[in-house]
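Observations on chain architecture
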Amino acid sequence: MSKPLLDLTQLGMRFPTPQGEFVALKNVNLQIQKGEFISLIGHSGCGKSTVLNLVAGLHFPTDGGVIVDGREVDGPGPERAVVFQNHSLLPWLTVYENIELAVKQVAKGKDKAWVKEQVHHYLDLVEMDHAADKKPDEISGGMKQRVGIARALALKPKVLLMDEPFGALDALTRAKLQDALMAIQAELNNTVIMITHDVDEAVLLSDKIVMMTNGPAATIGEVLDINLERPRNRVAMADNPQYQKYRQAVLTFLYEKQAKNELSGSVEISKQKDAKKSA
Ligand SMILES: Nc1ncnc2c1ncn2[C@@H]1O[C@H](COP(=O)(O)OP(=O)(O)OP(=O)(O)O)[C@@H](O)[C@H]1O
Ligand SMILES: [Mg+2]
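Just so it is clear, the model here is predicted, and its values are computed rather than measured.

The rules behind each value
Residues numbered from 1 in each chain as written. Chains lettered and ligands numbered in written order. Predicted model: local features only at pLDDT ≥ 70, side-chain atom pairs only at ≥ 80, totals over all residues. Heavy atoms only, no water. Buried < 20%, exposed > 50% of the residue type's maximum accessible area, 1.4 Å probe, protein only. Helix = DSSP H or I, 4+ residues; strand = E, 2+ residues; numbered from the N terminus. Pairing = 2+ DSSP bridges. Right-handed = clockwise from strand over helix to strand, strands pointing away. Axes fitted to C-alpha atoms, helices over the stretch in contact; angles between N-to-C directions. Parallel < 35°, antiparallel > 145°, perpendicular 65-115°, else oblique. Left-handed = near helix turned anticlockwise from the far one by under 90°. Contact = heavy atoms within 4.5 Å. Salt bridge = Lys/Arg side-chain N within 4 Å of Asp/Glu carboxyl O. pLDDT = per-residue confidence, 0-100. Near = heavy atom within 4 Å. Polar contact = N/O pair within 3.5 Å; in protein donor to acceptor, adjacent residues only side chain to side chain. Areas by Shrake-Rupley, 256 points an atom, 1.4 Å probe, with all protein chains shown as cover. Nonpolar A, V, L, I, M, F, W, Y, C, P; charged D, E, K, R; others polar.

**A closer look at the pairing of strand β8 (residues 191-195)**
- Of all five residues in β8, five are buried; the element is thus mostly enclosed.
- What you see with β8 is no split at all: T191, I193 and I195 on one side and V192 and M194 on the other are buried throughout.
- Pairing between strand β3 (residues 37-41) and β8: four bridges, direction parallel. Note that in β8 the partner of L40 across the bridge is I195.
- Taken together, the five bridges between strand β7 (residues 159-163) and β8 define a ladder with parallel strand orientation. If you follow L160 over to β8, its bridge partner there is V192.
- Taking the sense of rotation as the criterion, the β-α-β connection linking β7, helix α5 (residues 171-188) and β8 turns out right-handed.

**Quick look at the packing of helix α4 (residues 141-154) against α5**
- One way to put it is that α4 packs onto α5 with a least axis distance of 11 Å and a crossing angle of 15°. Looking at the two axes, α4 sits roughly parallel to α5. Of the two elements, α4 crosses α5, and the hand of that crossing is right-handed. Residues G142, Q145, R146 and L153 of α4 form the contact with α5, whose participating residues are T173, L177, I184 and L188.

**Observations regarding the pattern of salt bridges**
- As enumerated under the stated definition, the model contains 13 salt bridges in all.
- Close ionic contact of E79 with R80 constitutes a salt bridge, the shortest N to O distance being 3.0 Å.
- We classify R80 as buried; its relative accessible area is 7%.
- Between D198 and R174 there is a salt bridge; the shortest N-O distance is 3.5 Å. Taken together, the residues D198 in the loop between β8 and α6 (199-205) and R174 in helix α5 connect sequence positions 24 residues apart.
- Judged by its relative accessible area of 23%, D198 is partly exposed.
- A relative accessible area of 14% places R174 in the buried class.
- Three or more residues are tied together by salt bridges with common partners; here these are R14, E21 and D63.

**A few points about the sheet that holds strand β2 (residues 20-32)**
- Spatial ordering of the open sheet is given by β2-β1-β4-β5, a layout of four strands whose pairing is antiparallel. Each edge of the open sheet carries a strand with a single partner, namely β2 and β5 (71-72).
- In the sheet, strand β4 (residues 63-68) pairs with β5 via two bridges, with the strands oriented antiparallel. What sits directly across from I67, in β5, is E72.
- Set on the sheet, helix α1 (residues 48-56) makes contact with β1 (6-17), β2 and β4; between it and β1 the angle comes to about 115°.

**Quick look at the sheet that holds strand β9 (residues 208-212)**
- The mixed open sheet is built from six strands, whose spatial order is β6-β7-β8-β3-β9-β10. In this open sheet, the two edge strands, each paired with only one partner strand, are β6 (80-83) and β10 (220-225). Going across the sheet, the axis of each strand differs from the next one's by a mean of 15°, ignoring polarity.
- Contacts between helix α8 (residues 241-257) and the sheet are confined to β3, β9 and β10, with β10 contributing the most and set at about 170° to the helix.

**Details of the confidence of the model for the chain**
- For the chain, per-residue confidence averages 90 on the pLDDT scale, and 92% of positions sit at 70 or higher.
- Every residue in residues 265-272 scores below 50 in pLDDT, and together they form zero contacts with partners more than four places removed in sequence or on other chains.

**Observations concerning the site of ligand 1**
- Residues in close proximity to ligand 1 total 13 residues, the closest being S44, G45, K48, S49 and T50.
- H197 places a polar side-chain atom, nitrogen or oxygen, 3.3 Å from an oxygen atom of ligand 1.
- Relative to its unbound accessible area of 630 Å², ligand 1 is 63% covered by the protein chains.
- Elements represented by at least two residues in the shell around ligand 1 include exactly β1, β2 and α1.
- Among the elements that take part in the shell around ligand 1, α1 stands out by supplying three residues, more than any other.
- Its residues assigned to classes, the shell around ligand 1 shows four nonpolar, seven polar and two charged.

If you want it as structure tokens, here you go:
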């Protein structure tokens, strides 16, 4: 096995809160190879975004660390691009200019013609060439998300970090973007970490599904290797028995193995609420 591109070692995050320290993550260990597509899945609040933010360098871990390509992460960097759930395009720039900004970051002395060619290449990749001159508020949510992905890819990141990138989209747009992402990843061989709540999305896109336990002190519960041939076709997957088995494994983890904690947790909270009410 070659050296991993990404190495999370004994990663932990403790947040200070008025009630004292809150242990969000504990002992997260994960190695990711170049070109792998990883999904992070787990119940709301378990710590998925925290993991992503630590890899992005937007948070600093209180324990352990993250190594990307042999270097410890000590802040954000262009080799790790982030796509957030709520597309974060600059509203005063056109679609073209939003992507151009990213291209210029990696242009390093290249001429104007090169920049232009690159911007069109990425616009093309996400099929947004037709809306190059529109402002973000003139295009749909799915289109904004496509531009966000193009902008992230234009940075030619070693690692693409995506926090529920398709969460806010309708099913049809979502399916289109999932297919586009699979095609782009096949072409560029990016290493991807994607957070999702959608079991089908995780199985369809991933090489590995990393399933997180419920917090506090959330950690990796199970890692599922998805050995389905690529390119993958969503229609064909519907009656692929292996696909169904993977799907079942994730559902079992989420709704049987991790469900009990969550339920007893919410029972605990409602008990506290009841106690407050009667006090
Ligand atoms: N700055 C902070 N201070 C205190 N607690 C925090 C902070 N950021 C996150 N947390 C807590 O850490 C835990 C993990 O949060 P995180 O946002 O990583 O969860 P998540 O898995 O991404 O959830 P969701 O699926 O709802 O987005 C939660 O209990 C959250 O309340
Ligand atoms: Mg989150």
